[in-house]
Amino acid sequence: AQKVTQAQTEISVVEKEDVTLDCVYETRDTTYYLFWYKQPPSGELVFLIRRNSFDEQNEISGRYSWNFQKSTSSFNFTITASQVVDSAVYFCALSGSGYSGGGADGLTFGKGTHLIIQP
Amino acid sequence: EAQVTQNPRYLITVTGKKLTVTCSQNMNHEYMSWYRQDPGLGLRQIYYSMNVEVTDKGDVPEGYKVSRKEKRNFPLILESPSPNQTSLYFCASSLLGQENTEAFFGQGTRLTVV
């Protein structure tokens, strides 16, 4: 079965600090997809990024960057120069080809990391 | 505008009173699913559907039913709600397989069963 672990339940930093959210995953699928979603206090889920298992290139989007390392089964998310608006719960998620169970194309979510950015 | 629409957004009901949460998408997606979100547990898949008339159980299906009579709609049915089904529910849709770039989520339905 697939599994996603976000070991950090809550992180609190002061504005402008850099912060990294960890995500470790388990799957037996050879092809899989990794995602990050943001859930602000309003409750909706905001898509941030999708990464294919065969593409280990790191990605940068403004203040956000993602480090995908297949060797350690990790897909970490870094926010540079954090801002109060970054305060939210962040979810890492995994979907596979369905051979590992959990429903083909269904997302297996981590438990989320609550990020608090203090002014 | 591409979207997934859930209704209602908020619902308070009593134990045992049947209810339906509707979900509709306008992107012609094959894949639709329901998740529930509980504190400390993240989101867990309840049911999913890979196409019309094709549905299957996710990780936590007990106490729920779904149907997929049309491609755009995927209602979640609680025949006899209980307090342990108090949760935040999300409907999602996406393309299948390699074409799946992201799951589009509805705004969520906050259900309270008293």
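Cut-off values and rules
Throughout, residues of each chain are indexed from 1 in the direction in which the sequence is written. Here chains are named by letter from A upward and ligands by number from 1 upward, in the order in which they appear as written. The predicted nature of this model means local features are confined to residues of pLDDT at least 70 and side-chain atom pairs, given and counted, to a pLDDT of 80 or more, with totals for whole chains, interfaces and linings taken over all residues. Side-chain measures here rest on the full set of heavy atoms in the structure, leaving out hydrogens and waters. The secondary structure listing takes helices from DSSP runs of H or I that are at least 4 residues long and strands from runs of E that are at least 2 residues long, numbered from the N terminus. With a 1.4 Å probe rolled over the protein chains alone, any residue whose accessible area is under 20% of its type maximum counts as buried; one over 50% counts as exposed, and the rest are partly exposed. Note on contacts: a residue pair is in contact if any heavy atoms of the two residues lie within 4.5 Å. Reported buried area values correspond to the accessible surface (1.4 Å probe) lost by two parts on association, with both partners' losses combined. Salt bridge, as used here, is a side-chain nitrogen of Lys or Arg placed within 4 Å of a carboxyl oxygen of Asp or Glu. Polar contact criterion, stated in full: a pair of N or O atoms within 3.5 Å, where within protein one must be able to donate a hydrogen and the other to accept it, and residues adjacent in sequence count only if both atoms are side-chain atoms. Three classes are used: nonpolar for Ala, Val, Leu, Ile, Met, Phe, Trp, Tyr, Cys and Pro, charged for Asp, Glu, Lys and Arg, and polar for all others, with Gly counted as polar. Side-chain atoms within 4.5 Å link the members of a nonpolar core, which is a set of buried Ala, Val, Leu, Ile, Met, Phe, Trp, Tyr and Cys residues. Here, a strand pair is defined by DSSP locating no fewer than two bridges between the strands. The predictor rates its confidence in each residue with pLDDT, a number between 0 and 100.

Engineer: Please clarify how the environment of L34 of chain A should be interpreted in this entry.
Structural biologist: All names here are of chain A. Mapped onto the elements, L34 comes out in strand β5 (residues 32–39). Note on L34: relative accessible area 1%, which makes it buried. Taking the C-alpha atoms as reference, L34 lies 8.0 Å from I49; in sequence the two are 15 residues apart.

Engineer: Just checking my understanding: could you explain the environment of F109 of chain A for this structure?
Structural biologist: Mapped onto the secondary structure, F109 of chain A falls in strand β11 (residues 108–109). Contacts of F109 of chain A, omitting those with residues within four sequence positions, involve V4, Y37, F91, C92 and A93 of chain A together with Y35, L43 and F105 of chain B.

Engineer: I tried to follow the interface of chain B and chain A on my own but got confused; where do I start?
Structural biologist: How large an interface is tends to be reported as the accessible area lost when its parts come together. With 22 residues of chain B in contact, the opposing surface of chain A contributes 21 residues. Of the roughly 1,800 Å² buried where chain B meets chain A, counting both sides, 51% is carbon and sulfur surface. Joining chain B to chain A, the criterion identifies zero salt bridges. If you look at where chain B meets chain A, you find three residue pairs in polar contact (both at pLDDT 80 or more). A per-element tally of the side of chain B that touches chain A places strand β5 (residues 42–51) of chain B first, with five residues. In terms of residue class, the side of chain B that touches chain A is built from eleven nonpolar, nine polar and two charged.

Engineer: Whenever I open this one, the nonpolar core confuses me. Can you help?
Structural biologist: The nonpolar side chains of soluble globular proteins are, as a tendency, buried together. Judged by nonpolar contacts, the single largest core of 24 residues is most densely connected at L21, W36, W66, F77, Y90 and L115 of chain A. Among the elements of the structure, β2 (10–14), β3 (19–21), β5, β6 (46–52), β8 (64–69), β9 (74–79), β10 (88–96) and β12 (113–118) of chain A are those that each provide at least two residues to this core. No other element matches β10 of chain A, which puts four residues into this core. Core analysis: the next-biggest nonpolar cluster, separate from the first, contains 19 residues, V4, Y47, F74 and Y89 of chain B among them.

Engineer: Is there a simple way to think about the sheet that holds strand β8 (residues 76–78) of chain B in this case?
Structural biologist: Paired through their backbone hydrogen bonds, the strands of a sheet run either parallel or antiparallel. All names here are of chain B. The sheet built from four strands is open, its strands ordered β1-β3-β8-β7 with antiparallel pairing. Of all the strands in the sheet, the pair left with one neighbour each is β1 (4–7) and β7 (65–66). Bridging between β1 and strand β3 (residues 19–25) involves four bridges; their strand directions are antiparallel. For N7, the partnering residue across the bridge sits in β3 and is T22.

Engineer: Teacher, can you tell me more about the confidence of the model for chain A here?
Structural biologist: Any residue range with low pLDDT should be treated as having predicted coordinates unsuitable for detailed reading. Residues and elements named next belong to chain A. Taken residue by residue, chain A gives an average pLDDT of 90. The fraction at 70 or more is 92%. Looking across chain A, the model is least confident in strand β7 (residues 59–61), with a mean pLDDT of 88, and most confident in β3, with 98. Note on residues 99–103: pLDDT is under 50 here. Beyond four places in sequence and across chains, it has twelve contacts.

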